[in-house]
Amino acid sequence: MPCTGSTPYCNDRACSAKPSPECSGGTISSFTCPQTDGHYPDPNNCSLYHICINETAIDYTCEGLAVYSTRTHSCARRSGDSPCTTVNCRGKNGQYALYPADKRFAFFCVAEKSTSIMVKCGDNQVYSTE
């Protein structure tokens, strides 16, 4: 369930006006938001995520060993169900590379580095890089 509007944060699977105490941040970001408001993983840092509202991104960081979970839209303890993953752009210059933890997300690669330019497929879909 995506959280939006006055309750953009997901805490223990419920929408809230404030982020979970496991998170810190709340700074305006250079992350490029898609046109759809929502929660988005960072392609290069598994503890960082972005909440986009009206195409403006705000950065949040999961504390300690927690990682951002696209499944729960919140910070989760790093585990087999919530591993630390980042986008691998090796050999994908000028192409999209999948976000390994959730293949609904793909990030554009330039000079073998991921950018914040991304696409997100709908629920029950995955992005095809072929």
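Predicted model, so just to flag it, every value in this text is computed and none were measured.

Student: Honestly, the environment of Gly94 in this entry has me stumped. Any pointers?
Tutor: Its location among the elements puts Gly94 in the loop between strand S8 (74-77) and strand S9 (96-98). Considered as a pair, Gly94 and Lys113 are 19 residues apart in the sequence and their alpha carbons are 10.0 Å apart. Look past the residues within four positions of Gly94 in its chain and what remains in contact with it is Phe108 and Cys109.

Student: How should the pairing of strand S5 (residues 48-53) be read in this particular structure?
Tutor: A regular strand carries its side chains on alternate faces of the sheet. Burial within S5 is extensive, with five of its six residues counted as buried. Taken together, the four bridges between strand S4 (residues 38-41) and S5 define a ladder with antiparallel strand orientation. What sits directly across from Gly38, in S5, is Cys52. Between S4 and S5, which pair antiparallel and follow one another directly, the connecting turn spans six residues. Counted between consecutive antiparallel strands, the loop separating S5 from strand S6 (residues 56-62) contains two residues, among which Asn54 sits at a positive phi close to 55°.

Student: Any chance you could explain the packing of aromatic side chains here in plain terms?
Tutor: Both the distance between ring centres and the angle between the ring planes are used here to describe each pair of aromatic rings. Scanning all chains against the criterion turns up eight aromatic pairs. Their ring planes at 25° and their centres at 6.4 Å tell us that Phe31 and Tyr40 sit as a pair that is stacked. Judged by relative accessible area, Phe31 falls into the buried class, the value being 7%. Take Tyr40: its relative accessible area is 2%, and that puts it in the buried class. Members of the aromatic cluster, each reached through a chain of ring pairs, are Phe31, Tyr40, Tyr99, Phe105 and Phe107.

Student: What exactly am I supposed to notice about the pattern of salt bridges here?
Tutor: Think of it this way: side chains of opposite charge can pair up when their charged atoms draw near. Summed over the entire model, instances satisfying the criterion amount to two salt bridges. Between Asp102 and Arg104 there is a salt bridge whose closest N-O contact spans 2.6 Å. One exposure class covers both Asp102 and Arg104, and it is buried. Arg104 is the salt-bridge partner of Asp123, the closest N and O atoms lying 2.8 Å from each other.

Student: So what exactly am I meant to see when it comes to the sheet that holds strand S11 (residues 113-120) here?
Tutor: Two orientations exist for strands paired in a sheet by backbone hydrogen bonds: parallel and antiparallel. Spatially, three strands are ordered S9-S10-S11 in an open sheet, and the strand pairing comes out antiparallel. Pairing within the sheet leaves two strands with one partner each, and these edge strands are S9 and S11. The mean inter-strand angle of the sheet, taken between neighbouring strand axes irrespective of direction, is 40°. Note: S9 against strand S10 (residues 105-110), three bridges, orientation antiparallel. Pairing of Ala97 across the sheet is with Phe107, part of S10.

Student: Is there a simple way to think about the environment of Thr70 in this case?
Tutor: Tracing the backbone shows Thr70 in the loop between strand S7 (66-69) and S8. Sequence separation between Thr70 and Phe105 is 35 residues; the distance between their C-alpha atoms is 9.6 Å. If we skip the residues at most four places from it in the chain, Thr70 touches Pro41, Tyr99, Asp102, Arg104 and Phe105. Separated by 2.7 Å, the side chains of Thr70 and Asp102 make a polar contact.

Student: I tried to follow the state of the cysteines on my own but got confused; where do I start?
Tutor: Such a bond, covalent and formed between the sulfur atoms of two cysteines, is termed a disulfide. Scanning the model with the defined rule gives four disulfides in all. The partner cysteine of Cys33 in its disulfide is Cys52, sulfur to sulfur 2.1 Å. Judged by the sign of its S-S torsion, about -85°, the cystine formed by Cys33 and Cys52 is left-handed. Of the two residues, Cys33 sits in the loop between strand S3 (23-28) and S4 while Cys52 sits in strand S5, which places them 19 residues apart along the sequence. Neither Cys33 nor Cys52 differs from the other in exposure class; each is buried.

Cut-offs and rules
Residues numbered from 1 in each chain as written. Predicted model: local features only at pLDDT ≥ 70, side-chain atom pairs only at ≥ 80, totals over all residues. Heavy atoms only, no water. Helix = DSSP H or I, 4+ residues; strand = E, 2+ residues; numbered from the N terminus. Contact = heavy atoms within 4.5 Å. Buried < 20%, exposed > 50% of the residue type's maximum accessible area, 1.4 Å probe, protein only. Pairing = 2+ DSSP bridges. Phe/Tyr/Trp six-rings, centres within 6.5 Å; stacked < 30°, edge-to-face > 60°. Salt bridge = Lys/Arg side-chain N within 4 Å of Asp/Glu carboxyl O. Axes fitted to C-alpha atoms, helices over the stretch in contact; angles between N-to-C directions. Polar contact = N/O pair within 3.5 Å; in protein donor to acceptor, adjacent residues only side chain to side chain. Disulfide = S-S within 2.5 Å.

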